[in-house]
Amino acid sequence: MPDSSAAKPTRHHSVCPHDCPSTCALDVERIDSRTIGRVYGHADNDYTAGVICAKVARYAERVHHPDRLKTPLRRIGEKGDGRFAPLSWNDALDEVANAFIRAEQKHGSETVWPYFYAGTMGLVQRDGINRLRHAKRYAGYFQSICVNLSWPGYMAGTGTLRGTDPREMAESDLVVIWGTNAVATQVNVMHHVTRARKERGAKLVVIDPYRNATAETADLHLMLRPGTDGALACGVMHVLFKEGFADRAYLAKFTDVPDELERHLQTRDPAWASSITGLSADEIVGFARLYGQTKRSFLRLGYGFSRSRNGSANMHAASCLAAVTGAWQHRGGGAFHSNGAIYHWNRTLIEGLDIEDPVTRLLDQSRIGAVLTGDKADLKDGPPVTAMLIQNTNPMVVAPNQTRVRAGFSRDDLFTCVHEQFLTETAQMADIVLPATTFLEHDDLYQGGGNQYIQIGRKLIEPVGESRENHAVICELARRLGVADTHRGFKMSAWEIVDWTLKASGWPDAETLAAQKWHDCQPEFEHAHFLDGFKHPDGRFRFAPDWSKVGVKDISTMPRLPDHWNVIEVATEEHPFRLVTAPARNFLNSSFTETPTSSKREARPTVMIHPEDARTLGVTEGGLVRLGNRRGSVLLHARIFDGVQRGVIVSESVWPNRHFIEGKGINTLTGDDSPAPNGGAAFHDTAVWVRGEAARAARPLAEEVPA
Ligand SMILES: Nc1nc2c(c(=O)[nH]1)N[C@H]1C(S)=C(S)[C@@H](COP(=O)(O)OP(=O)(O)OC[C@H]3O[C@@H](n4cnc5c(=O)[nH]c(N)nc54)[C@H](O)[C@@H]3O)O[C@H]1N2
Ligand SMILES: Nc1nc2c(c(=O)[nH]1)N[C@H]1C(S)=C(S)[C@@H](COP(=O)(O)OP(=O)(O)OC[C@H]3O[C@@H](n4cnc5c(=O)[nH]c(N)nc54)[C@H](O)[C@@H]3O)O[C@H]1N2
Ligand code: SF4
Ligand SMILES: [Mo]
């Protein structure tokens with residue numbers, strides 16, 4: 001806590017490291033060399049524009065949280081019971097290295113599975129673990145949990161992962177926020193939308209299964225059933241063709257099979273789309289006319305609507321609208337999902353790509369339950385996983401099909417090392433826990449997903465306790481495992497790697513970038529709007545994509561043209577409700593569930609149920625309900641809410657399991673069945689039954705739940 005003798009606080013540029021498309025430029029108040037104060041959005045950055053979310057503004061709560069891990073820990077209790085004793089870094093790292101060597105001697109190197117995700121989005125601290133993997137030929141990693149449904153869907157049409165400059169939203173006359181709860185998940189979008197509304201009288205349309213905070217602000221909210229966006233897109237395109245809103249010259253020049261698409265859509269009219277989406281035909285026609293009449297129409301395509309088994313097809317279908325009207329030709333028009341493709345990084349040094357062994361088996365992140373419980377196909381007929389190094393992720397909470405994940409982590413013959421900032425539920429399953437720095441305590445390099453900036457975040461304060469950065473842990477393990485000499489990356493500092501990577505990728509060097517704070521990588525208008533061609537050999541947008549180019553799964557049942565691909569977990573008599581597990585505003589995945597203001601604001605795990613459904617079920621506001629399917633059941637509190645269609649329920653996540661009445665979290669219900677074309681997790685596509693459990697006592701609020 002603040003040192004009272006300290007000088008006046010100083011302000012420093014940094015970057016939000018969390019897994020959020022906004023990647024905000026920050027202005028951090030430093031009170032002394034160990035303490036930060038308030039965090040602000042950087043006012044000079046034209047995407048951040050001085051706005052950040054409340055949870056990061058209060059970041060001091062997280063950095064200086066009394067529960068931050070401060071020393072390495074060795075498990076002394078049963079897996080998961082939370083009993084640990086401190087030990088020295090040397091002893092801890094020796095134990096980890098020895099366990100990995102023993103596992104390798106018994107089963108071969110591919111028995112060790114480094115497992116990580118995007119707790120930090122810093123390129124060095126997040127992806128450096130791959131260098132150790134490659135040096136040791138440990139099991140490979142198929143990252144799939146977040147973007148594998150959405151990216152292929154977007155790239156299927158455009159051929160690449162970029163689009164209209166996100167700042168052009170402010171110059172648009174119609175912004176369509178499609179399947180992203182921007183107010184909660186990437187607040188900066190709303191800043192640019194608000195400008196368009198104020199300065200140009202632009203309209204905002206939100207397409208989402210529930211009346212979330214973003215939908216509350218919209219001129220038009222299309223509250224469809226989850227997993228039916230492909231049907232909506234088809235119904236809208238039907239009207240666009242029929243009523244003369246299709247730009248035929250653009251279609252002839254820039255798209256693949258417009259005539260075939262038009263014929264195909266003839267049977268997919270608003271009445272057909274209405275029967276699938278639950279929207280009225282009038283709503284669909286009204287939206288189609290608004291979209292068709294507006295040249296500067298901006299599709300802001302989110303991740304949320306891709307988290308269904310047909311999510312890639314739905315993302316592609318939605319992206320087709322801009323090609324039908326030729327909205328791409330106009331400023332403030334077109335579509336945007338992510339800027340992943342504009343940065344052309346050279347990742348050789350960070351990830352050790354020059355020592356990669358391409359034959360090492362790839363194990364699927366989202367199938368962690370199946371992998372750890374010994375599914376032969378998931379293990380690629382190879383040895384069991386008997387040792388893991390986990391950084392930046394909390395699979396015991398965030399991964400689908402939790403019952404199996406828990407069974408896997410509970411295995412006695414599995415050695416787990418978790419490098420973490422907090423004793424998460426994953427860390428509680430570890431044999432060795434290592435304390436990790438936060439972004440304010442180490443150097444790294446960041447790219448905007450929802451904007452176009454690269455930025456450097458420098459170490460601003462001393463590490464809390466004995467915590468160490470990910471890079472240092474990887475280098476120390478490499479040394480103990482005898483591979484430190486196999487790659488120069490193990491001998492360099494994070495800062496040196498940042499500098500080399502920037503230069504090798506054609507960007508300003510580290511000192512220059514740090515001095516200028518951010519670098520704008522936005523491609524010019526012609527290129528961003530694909531007026532120089534889409535990224536396919538013939539330069540044409542694909543209404544009929546080659547799905548085999550964007551995924552590794554069996555694509556034989558995927559539709560040739562935009563459609564309602566009915567592979568979702570449909571409601572049945574046995575499972576009459578469709579569950580969406582949308583993100584909570586005050587959490588970021590499982591992060592911030594530990595900070596007092598965030599958990600207080602979210603209060604407790606709840607499920608939103610339509611009043612009519614609640615009445616039929618005999619459920620009342622605040623009463624207990626059990627949700628279940630063949631994967632398991634969870635018990636939580638009801639919120640009666642008319643901002644959903646009947647038969648749709650929404651539970652905002654991702655709460656730690658222990659906050660649920662029986663200690664089983666929402667991902668007990670979600671499936672891990674790896675959809676086409678490229679796997680991933682269909683978090684918002686779950687059929688469940690719902691039962692009122694009025695007789696049971698209600699659960700206290702979050703701040704009363706013991707840690
Ligand atoms: N506050 C907060 N911010 C976050 C996160 C968080 O957990 N909390 N997570 C971060 C991460 S990792 C990511 S990837 C991004 C994701 O951010 P988004 O792109 O916003 O995606 P989701 O958060 O999955 O879901 C957003 C919305 O999709 C809706 N949705 C679900 N199913 C459907 C559907 O079938 N059709 C349509 N049209 N909409 C649907 C949900 O109801 C929800 O309102 O957000 C990041 N930002
Ligand atoms: N039901 C449901 N489940 C979901 C989702 C959903 O919408 N619904 N969303 C899914 C999505 S989109 C995603 S991306 C995943 C994300 O799931 P996770 O990757 O697990 O998400 P986070 O909570 O962002 O980060 C995990 C951990 O990283 C740690 N961490 C942060 N920085 C560092 C660091 O520098 N070093 C180390 N060693 N650790 C660090 C944090 O303390 C945190 O505990 O969750 C998925 N799960
Ligand atoms: S909006 Fe997203 S990027 Fe910006 S501060 Fe909040 S979590 Fe970080
Ligand atoms: Mo994500």
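Residues numbered from 1 in each chain as written. Chains lettered and ligands numbered in written order. Predicted model: local features only at pLDDT ≥ 70, side-chain atom pairs only at ≥ 80, totals over all residues. Heavy atoms only, no water.

Undergrad: If you had to explain the overall build of the protein chain to someone new, which residues and values would you point to?
TA: The helix and strand inventory of the protein chain stands at 25 helices and 25 strands. What you see for the protein chain is a C-alpha radius of gyration of 25 Å, in line with the 27 Å of a compact globule of 707 residues. Referenced to the eigenvectors of the C-alpha coordinate spread, the extents of the protein chain come out at roughly 70 × 65 × 60 Å. Expressed as a percentage of its 707 residues, the buried residues of the protein chain come to 65%. Considering only residue pairs separated by 6 or more positions, the protein chain has 76% of its internal contacts joining residues 24 or more positions apart. Only carbon and sulfur atoms are counted for the fraction: they give 49% of the accessible area of the protein chain, which is about 24700 Å². For the protein chain, the separation between the mean place of its 81 positive charges and that of its 85 negative charges on side chains is 1 Å. (Helix = DSSP H or I, 4+ residues; strand = E, 2+ residues; numbered from the N terminus. Rg over C-alpha atoms; globule rule 2.2 N^0.38 Å. Buried < 20%, exposed > 50% of the residue type's maximum accessible area, 1.4 Å probe, protein only. Contact = heavy atoms within 4.5 Å. Areas by Shrake-Rupley, 256 points an atom, 1.4 Å probe, with all protein chains shown as cover. Lys, Arg positive; Asp, Glu negative; His and termini not counted. Charge placed at Lys NZ, Arg CZ, Asp CG, Glu CD.)

Undergrad: I'd love a proper account of helix α5 (residues 129–136), names of residues and values included.
TA: Two residues of an α-helix separated by three or four positions point the same way, owing to the 3.6 residues in each turn. Of all 8 residues that make up α5, 8 are buried, and the element is covered over most of its length. Every buried residue of α5 is listed here: Ile129, Asn130, Arg131, Leu132, Arg133, His134, Ala135 and Lys136. Arginine 137 sits one or two residues past α5 and shows a positive phi near 55°.

Undergrad: Explain the pairing of strand β2 (residues 25–32) residue by residue, including any values.
TA: Of all the 8 residues making up β2, 6 are buried; the element is thus mostly covered by neighbouring parts of the structure. Note: strand β1 (residues 10–15) against β2, 6 bridges, orientation antiparallel. Its bridge partner lying in β2, serine 14 is registered against leucine 26. Sheet topology note: the β2/strand β3 (residues 35–41) ladder contains 5 bridges and is antiparallel. Residue valine 28 lies in a different strand from β3, and its bridge partner there is valine 39. (Pairing = 2+ DSSP bridges.)

Undergrad: I'd like a rundown of the site of ligand 2, residues and numbers included.
TA: Surveying the vicinity of ligand 2 reveals 32 residues, the closest of which are Asn394, His419, Glu420, Asn470 and Asn667. Between a nitrogen atom of ligand 2 and a side-chain N or O atom of asparagine 392, the distance comes to 3.1 Å. Threonine 581 is positioned with one of its side-chain polar atoms (N or O) 3.1 Å from a nitrogen atom of ligand 2. Here ligand 2 loses 97% of its free accessible area of 920 Å² to cover by the protein chains. Along the lines of polarity and charge, the residues of the shell around ligand 2 split into 10 nonpolar, 18 polar and 4 charged. Lining the shell around ligand 2 are residues from two domains, each supplying at least three of them: domain 2 (73–145 + 343–491) and domain 4 (577–704). (Near = heavy atom within 4 Å. Polar contact = N/O pair within 3.5 Å; in protein donor to acceptor, adjacent residues only side chain to side chain. Nonpolar A, V, L, I, M, F, W, Y, C, P; charged D, E, K, R; others polar. Domains from an automatic or database assignment.)

Undergrad: How would you explain the sheet that holds strand β15 (residues 415–420) if you had to name every residue and give the values?
TA: With mixed pairing, 6 strands are arranged side by side in an open sheet as β5-β4-β16-β15-β14-β6. Each having just a single partner strand, β5 (84–86) and β6 (112–116) make up the two edges of the open sheet. Between one strand axis and the next, the sheet turns by 20° as a mean value, whatever way the strands run. Relative to strand β14 (residues 387–391), β6 is paired through 5 bridges, and the arrangement is parallel. The partner of tryptophan 113 across the bridge, within β14, is methionine 388. Against the sheet, helix α3 (residues 89–107) makes contact with β4 (73–75), β6, β14, β15 and β16 (432–435), and its axis sits at roughly 135° relative to β16, the strand it touches most. Across the sheet, helix α20 (residues 470–480) lies against β14, β15 and β16, angled at about 155° from β14, the strand it touches most. (Axes fitted to C-alpha atoms, helices over the stretch in contact; angles between N-to-C directions.)

Undergrad: Run through the packing of helix α10 (residues 229–242) against helix α12 (residues 258–265), naming residues and quoting values.
TA: It is the contact of α10 with α12, at a shortest axis distance of 9 Å, that shows an interaxial angle of 110°. The orientation of α10 relative to α12 falls into the category roughly perpendicular. α10 and α12 meet at a crossing whose hand is left-handed. Every residue of α12 that contacts α10 at Cys234, Met237, His238 and Phe241 is listed here: Pro258, Leu261, Glu262 and Leu265. (Parallel < 35°, antiparallel > 145°, perpendicular 65-115°, else oblique. Left-handed = near helix turned anticlockwise from the far one by under 90°.)

Undergrad: Describe the nonpolar core, and please don't skip the residues or the numbers.
TA: Counting residues in each nonpolar core, the largest one holds 65 residues, and the members touching the most others are Trp113, Leu132, Met388 and Phe409. With 8 residues, the single largest contributor to this core is α3. Both domains that furnish three or more residues to this core are identified here as domain 2 (73–145 + 343–491) and domain 4 (577–704). Counting 52 residues, the second largest nonpolar core, distinct from the first, contains Ile207, Met237, Cys320 and Phe543. (Core = buried A, V, L, I, M, F, W, Y, C linked by side-chain atoms within 4.5 Å.)

Undergrad: Which residues make up the site of ligand 3, and what values go with them?
TA: The full set of residues close to ligand 3 is Cys16, Cys20, Ser22, Thr23, Cys24, Ile52, Cys53, Lys55, Val56, Val187 and Leu588. In terms of residue class, the shell around ligand 3 is made up of 8 nonpolar, 2 polar and 1 charged.

Undergrad: How would you explain the packing of α10 against helix α13 (residues 270–277) if you had to name every residue and give the values?
TA: Running from amino to carboxyl end, α10 crosses α13 at an angle of 165°, the nearest separation of the two axes being 8 Å. Relative to α13, the element α10 is oriented roughly antiparallel. At the point where α10 passes α13, the crossing takes the left-handed sense. From α10, Ala231, Leu232, Cys234, Gly235, His238 and Val239 reach across to α13, where they touch Pro270, Trp272, Ala273, Ile276 and Thr277. For the contact of α10 with α13, the class distribution of residues is 8 nonpolar, 3 polar and no charged.

Undergrad: Please provide a residue-by-residue account of the domain arrangement of the protein chain, values included.
TA: The domain boundaries assigned to the protein chain delineate domain 1 (10–63), domain 2 (73–145 + 343–491), domain 3 (150–337 + 526–542) and domain 4 (577–704). Contact with domain 1, which involves 27 residues of that partner, is made by 26 residues of domain 2. A buried area of about 2200 Å², summed over both sides, lies between domain 1 and domain 2, and 58% of it is on carbon and sulfur atoms. When the area that domain 1 buries against domain 2 is broken down by residue, the three leading residues are Pro17, Arg62 and Val63, summing to 24%. Across the domain 1-domain 2 interface, the total number found is 0 salt bridges. Linking domain 1 with domain 2 are 10 residue pairs in polar contact (both at pLDDT 80 or more). (Buried area = accessible area lost by both parts, 1.4 Å probe. Salt bridge = Lys/Arg side-chain N within 4 Å of Asp/Glu carboxyl O.)

Undergrad: For the pattern of salt bridges, give the residues involved together with the corresponding values.
TA: Where charged atoms from two side chains of opposite charge come close, those side chains can pair. Enumeration over the complete set of coordinates arrives at 54 salt bridges. One salt bridge in this structure joins arginine 480 and aspartate 94, with 2.6 Å as the shortest N-O distance. In this pair, arginine 480 is assigned in helix α20 and aspartate 94 in helix α3, connecting sequence segments 386 residues apart. Its relative accessible area of 33% is what places aspartate 94 among the partly exposed residues. With its nearest N and O atoms 3.6 Å apart, the salt bridge here joins glutamate 569 to arginine 630. Here glutamate 569 is found in the loop between α23 (525–528) and β20 (577–580), whereas its partner arginine 630 is found in the loop between β22 (624–629) and β23 (632–640), with 61 residues between them in sequence. The exposed category is assigned to arginine 630, whose relative accessible area is 68%.

Undergrad: Can you lay out the state of the cysteines for me, pointing to particular residues and giving the numbers?
TA: Considering all chains together, one arrives at 0 disulfides under this definition. Cysteine cysteine 320 shares no disulfide, and the gap to the nearest cysteine sulfur, in cysteine 234, comes to 8.2 Å. Classification of cysteine 320 by relative accessible area gives buried; the value is 0%. (Disulfide = S-S within 2.5 Å.)

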